[in-house]
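Letter by letter, the chains look like this.
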Amino acid sequence: MTADILFDPLSAEFAQDPYRIYRQLRQRDQPYFYAAQNMWLLSRYDDISTIATSPHAVRSLVGIRSPAEIAAWQKQANWHDMPYHERVVQFSLLDSDGDIHRRLRRQIFGAFRNDAIGHLEAVVQGFVDALLDDLADRQQIDFMADFAVHIPGFVIGHLLGAPASDCQQLRLWSERIVQFFDVDRSDERKRLAETATHEFFDYLCDLKRQREHNPQNDLISKMLVDEKAGLYTLDEFISTCMLVLMAGHGSTIDVLGSGMHTLLQHPQAMAELRQDETKWPTAIQELFRYEPPLPFFHRHMTSDFSIRGQTFPEGTTFGLLYGAANRDPGQFEQPDAFRINREPNRHLAFGLGAHLCLGNNLARMNMNVIFRTLLKRFSHLARVDGIVPYKPGLSVRGPKVLNISWKPA
Ligand code: HEM
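Thresholds, definitions, all that
- Residues numbered from 1 in each chain as written.
- Predicted model: local features only at pLDDT ≥ 70, side-chain atom pairs only at ≥ 80, totals over all residues.
- Heavy atoms only, no water.
- Near = heavy atom within 4 Å.
- Polar contact = N/O pair within 3.5 Å; in protein donor to acceptor, adjacent residues only side chain to side chain.
- Helix = DSSP H or I, 4+ residues; strand = E, 2+ residues; numbered from the N terminus.
- Nonpolar A, V, L, I, M, F, W, Y, C, P; charged D, E, K, R; others polar.
- Pairing = 2+ DSSP bridges.
- Disulfide = S-S within 2.5 Å.
- Buried < 20%, exposed > 50% of the residue type's maximum accessible area, 1.4 Å probe, protein only.
- Phe/Tyr/Trp six-rings, centres within 6.5 Å; stacked < 30°, edge-to-face > 60°.
- Donors = N, O, S within 2.8 Å, 3.2 Å for Na, K, Ca; no water.
- Contact = heavy atoms within 4.5 Å.

Participant: Give a detailed account of the site of the ligand, specifying residues and quantitative values.
Facilitator: In the vicinity of the ligand, 29 residues are found, and the nearest of them are His101, Arg105, Tyr322, His355 and Cys357. The side chain of Arg59 places a nitrogen or oxygen atom 2.8 Å from an oxygen atom of the ligand. Here the shell around the ligand gets three residues from one element, more than from any other, and that element is helix 14 (residues 234–247). Of the residues belonging to the shell around the ligand, the class tally is 19 nonpolar, seven polar and three charged.

Below, the structure is given as structure tokens:
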């Protein structure tokens, strides 16, 4: 076994470069026990793929723990005494398994297929063009606060059926709920998450009522048909809407930021993309591999399981470091190199198996439209600051601020 690792995902060092620690984790002979979260961290591509696709690995504790044990776990994680959060965030299609998960996933799966989201491309293009028109006179912007944060609320809101004027609010709620999934579970962060969930719940009930009277061509109206057919409870309905809004929100903002940062660090790649648009599809995949915005998820084991000769008992929790898998030299040649023509590129930025990201087509379409447009409209794009600060934490990855200068083409 290699010398032990100082694993502190809240440290500034980890925020700036998690890949150094991921490498140390991968080089260990055995998975790493992360005592603060009582879980074993997996960092190699093969181990993570095995668990993500295993029928013995589940997301929810229901089914492998008694209600009393779950209550004790919630208390230890500070996930207790938050009634709305417990109803519609701690329970969701992402955090369910088996028949419930299949039923909930099947109901919205069609809305995320490429043929169903095709019409959104024009919506994204129109919104991004208008946003850039407003910003184009400025010589310098914070790519995060001035640009990236405005996009996903509008796009996912449009898909679901939320008015554009509510997007700012949807973003705030999403951020306040998502921050509480990370390892810092202070009471202050808990209060923010519970209040946001309550307000978001009321908002979605109201939107649902409006669509009951006045159906539109949007996801919420389609879900109402399924609810009438008895396929949703109220909590399932609301938690699914909330999950769709939240899962794609911060992740899209973050990958836009780290994607822009990556391109700015690789001017040769940017020049090639300006010259040859056919390179975009593989380049977008490589941006997701290189800097996945959601680098960490978990699974609980429903039976004893062996990994690299070590047996882990039923009930073990594994942390799946998708971000570390994406830099595994056993899977990717020169994994720390950013190559826009990398193929094959079976990265795990969208996970694998039963919980594979439902929004992955939408996420790639967004990136494609946005980066093509930026490179077409701006002949010069450059970083202003030397160091780009990244957010601390294990579950999310993206720049806090990204000041860039630009010149219209
Ligand atoms: C922008 C980049 C995105 C990334 C990197 C990403 C990543 C992921 C990952 C890794 C998972 C699997 C979690 C696990 O293994 O436990 C997941 C699940 C999910 N994602 Fe995404 N996501 C993105 C965008 C989106 C968008 C735009 C939406 C929808 C609007 C979305 C909706 C979902 C849903 C509903 C699930 C749960 C699927 C299930 O449990 O069956 N995601 N995402």
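So much for the structure itself; the text now carries on.
Participant: Lay out the pairing of strand 2 (residues 39–42) in plain terms, naming residues and giving numbers.
Facilitator: Across three bridges, strand 1 (residues 32–34) lies against strand 2 in antiparallel orientation. Bridged to Phe33 within strand 2 is Trp40. The antiparallel pairing of strand 1 with strand 2 creates a hairpin that spans four residues between the two strands, and Asn38 there sits at a positive phi of about 50 degrees.

Participant: Lay out the state of the cysteines in plain terms, naming residues and giving numbers.
Facilitator: A full pass over the atoms with the stated rule returns zero disulfides. Looking at the unpaired Cys205, the closest cysteine sulfur is the one in Cys241, lying at 9.3 Å. Assessed through its relative accessible area of 14%, Cys205 is described here as buried.

Participant: Can you explain the packing of aromatic side chains? Please cite residues and give values.
Facilitator: By the definition in use, this model includes 23 aromatic pairs. The interplanar angle of 80 degrees and the centroid separation of 5.6 Å between the aromatic rings of Tyr19 and Tyr22 together place this pair among those described as edge-to-face. Pair noted here: Tyr19 and Tyr22 are both in helix 2 (residues 18–27), with a separation of three residues, about one helical turn. Exposure remark for Tyr22: the relative accessible area of 2% places this residue in the buried category. Between the aromatic rings of Phe127 and Phe154, the centroid separation amounts to 4.0 Å while the plane-to-plane angle is 10 degrees, which identifies the pairing as stacked.

Participant: Could you give an account of the sheet that holds strand 8 (residues 317–321), with specific residues and numbers?
Facilitator: Spatially, the five strands line up as an open sheet ordered 1-2-8-5-3, and their pairing is mixed. The open sheet has two edge strands, strand 1 and strand 3 (57–58), and neither has a second partner. With two bridges connecting them, strand 3 and strand 5 (residues 296–301) associate as antiparallel partners. Pairing of Val58 across the sheet is with His300, part of strand 5.

Participant: Help me get a handle on the coordination of the iron atom of the ligand, residues and values and all.
Facilitator: For the iron atom of the ligand, the protein supplies a single donor, Cys357 (SG), at a distance of 2.3 Å. Mapped onto the secondary structure, Cys357 falls in the loop between helix 18 (322–325) and helix 19 (360–377).

Participant: So what's going on with the environment of Ser303? Residues and values would help.
Facilitator: Within the secondary structure layout, Ser303 lies in the loop between strand 5 and strand 6 (305–307). Considered as a pair, Ser303 and Ile64 are 239 residues apart in the sequence and their alpha carbons are 9.4 Å apart. In contact with Ser303, other than residues within four places in its own chain, are His56, Phe312, Pro313 and Glu314.

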